[in-house]
Amino acid sequence: MLSGPSGIEDSLISKLDPRAKLLFVIVATLSLFVGAGWIDLLVWAGVAAVAQAVSDIPVRRFLAQMRGFLWLIVLAFVLQMLFLARPDEPFWRLWDFDMLMFKLERAAFFTFRLFLFIFYSALLMSSTSPIELADALERLFKPLKRLKVPVHEIAMMASIAVRFIPTVSEEGQKIYKAQLARGARFQGGLLQRVRATVPLIVPLLFATVRRAEELALAMEARGYNSRARRTSYSQLIWGWRETLILLVALAVTVITKPMY
Amino acid sequence: MKAKNFAISLTALFTALTVLGAFIRIPLPLVPITLQTLMVWLAGYFLGYFYGAVSQVLYLAIGLIGFPVFAQGGGPAYVLQPTFGYLLGFPLSAAIIGWMMHGAKREMPLSEIIADLRAAGSARILVAGGLGMIAVFLPGVLYLYFAGNHFAGLQFSFQKALWTGMLVFLPGDLLKLFAILALIRMVTRRFDGAA
């Protein structure tokens with residue numbers, strides 16, 4: 001059920017520091033959604049084309065990443081064409097040429113913006129593993145430690161959670177089968193189905209609590225202390241390329257915004 | 001055993017349970033219900049306000065950075081899904097329930113968690129669950145309304161958001177609420193023999 005996007009190819013983009021990529025996408029998103037017009041969209045589309053060319057990531061991979069959102073894009077376009085109305089005119093006046101143009105323009109704008117946003121996050125996801133991203137987030141949020149935010153504990157919990165998702169779901173399956181074997185009925189009417197969740201959840205909760213105790217003991221046995229300063233195997237390196245792409249993102253934002 | 005290590009482990013495991021909940025579906029005529037909100041509420045009942053909220057924030061974070069843990073995948077673009085608001089309600093929901101069950105306590109040993117749950121009357125458990133339910137629906141419906149109007153640029157009425165975003169789910173959630181009461185009673189009884 002769970003594995004991050006696998007087979008991330010070596011390319012200029014996948015070698016970049018994940019922190020820089022993350023910040024780039026955040027800047028791009030804000031720039032696209034806050035007070036954006038056609039010029040922003042076109043410039044960002046240009047940047048996207050360059051990024052796609054540099055990334056060496058096959059278009060096919062992008063499409064796979066974006067597949068879950070294609071329906072959203074199509075739906076947004078269709079609904080806009082059907083229901084968008086200028087305040088002074090009834091929406092059904094499709095034959096009115098001005099009205100039609102207005103609708104087309106707005107629908108195209110919203111759809112295109114949605115597409116770009118999805119493109120940039122697909123680019124991030126297909127060039128960076130979730131582990132790298134988690135790493136990047138932990139480093140980026142490190143300054144929050146000054147404000148007593150337990151950044152390290154959060155990262156620790158996130159990695160335990162990700163590690164145990166397959167285990168927990170396997171356990172759920174086992175319990176389901178065991179209860180079936182004991183004659184539990186998971187079919188039938190609404191009430192019966194809701195009632196059937198009880199013999200599923202109770203042992204699952206019990207097992208979860210037991211596992212948490214074991215884990216806590218194991219952590220203790222290894223002398224785990226969340227307050228201690230820890231070192232990391234993987235190092236993130238910020239070089240001139242990272243600075244460059246961030247500058248590009250900021251420059252695009254700064255240049256396009258004053259035009260309105 | 002350090003209470004902190006136990007809290008860290010249990011929190012992370014409830015995050016994993018929330019993921020599992022999204023994929024257990026009970027098919028119903030109109031809208032299928034999932035066990036996900038059930039897991040969110042249980043996180044509140046068992047972890048208290050602080051770690052309950054943390055477990056759900058972790059769930060959102062893991063999903064947003066790209067692990068496919070949401071019902072329809074994951075990744076930052078998920079914020080565009082009109083149903084993202086419900087996910088935003090999860091931490092709030094767990095926090096409210098946790099507060100009603102355990103007050104301001106943070107790290108608790110297992111015995112204390114069970115003792116608090118056993119001491120709580122049925123009414124308190126149900127009210128906590130009800131508030132937790134509202135805490136999911138409220139941001140959910142508002143987001144649906146906002147997403148419909150802003151991301152997609154539609155004229156989408158609030159009544160419509162309320163209907164498609166809440167009323168159709170209400171029967172299933174009310175049932176789950178009563179299932180919660182039975183669950184908590186059974187779990188505390190089972191821990192009596194073991195804890």
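Residues numbered from 1 in each chain as written. Chains lettered and ligands numbered in written order. Predicted model: local features only at pLDDT ≥ 70, side-chain atom pairs only at ≥ 80, totals over all residues. Heavy atoms only, no water.

Colleague: Mind laying out the packing of helix H2 (residues 38-55) of chain A against helix H4 (residues 97-127) of chain A, listing which residues take part and the relevant values?
Modeller: Residue and element names in this part refer to chain A. In the contact formed by H2 and H4, the axes pass within 10 Å of each other and the chain directions differ by 35°. For the pair H2 and H4, the crossing hand works out as left-handed. Two secondary-structure elements touch here, H2 through Trp38, Leu41, Leu42, Trp44, Ala45, Val47, Ala48, Ala51, Gln52 and Ser55 and H4 through Glu105, Ala108, Phe109, Phe112, Arg113, Leu116, Phe119, Tyr120 and Leu123. By residue class, the composition of the contact of H2 with H4 is 15 nonpolar, two polar and two charged. (Axes fitted to C-alpha atoms, helices over the stretch in contact; angles between N-to-C directions. Helix = DSSP H or I, 4+ residues; strand = E, 2+ residues; numbered from the N terminus. Left-handed = near helix turned anticlockwise from the far one by under 90°. Contact = heavy atoms within 4.5 Å. Nonpolar A, V, L, I, M, F, W, Y, C, P; charged D, E, K, R; others polar.)

Colleague: Before we move on, could you go through the interface of chain B and chain A and cite the residues and values that matter?
Modeller: At the junction of the two partners, chain B supplies 58 residues and chain A supplies 64 residues. Considering only the surface of chain B that becomes buried against chain A, Leu13, Ile65 and Phe67 of chain B emerge as the three largest contributors, covering 11% of it. The residue glutamate 153 of chain A makes a salt bridge to lysine 4 of chain B at a minimum N-O spacing of 3.0 Å. Taken together, chain B and chain A are joined by one residue pair in polar contact (both at pLDDT 80 or more). Secondary structure elements with two or more residues in the side of chain B that touches chain A: helix H1 (3-23), helix H2 (36-64) and helix H7 (170-194) of chain B. Per-element accounting of the side of chain B that touches chain A gives the leading share, 16 residues, to H1 of chain B. Here the side of chain B that touches chain A is built from residues that sort into 46 nonpolar, nine polar and three charged. (Buried area = accessible area lost by both parts, 1.4 Å probe. Salt bridge = Lys/Arg side-chain N within 4 Å of Asp/Glu carboxyl O. Polar contact = N/O pair within 3.5 Å; in protein donor to acceptor, adjacent residues only side chain to side chain.)

Colleague: Give me the lowdown on the environment of serine 122 of chain B, citing residues and values where you can.
Modeller: Residue and element names in this part refer to chain B. When you line up the elements, serine 122 lands in helix H5 (residues 122-150). The sequence separation of serine 122 and lysine 4 amounts to 118 residues, and the corresponding C-alpha distance is 29 Å. Aside from chain neighbours lying at most four places away, what touches serine 122 is Leu181 and Arg185. A distance of 3.4 Å separates a polar atom in the side chain of serine 122 from a polar atom in the side chain of arginine 185.

Function cannot be inferred from these measures alone, as they are strictly geometric.
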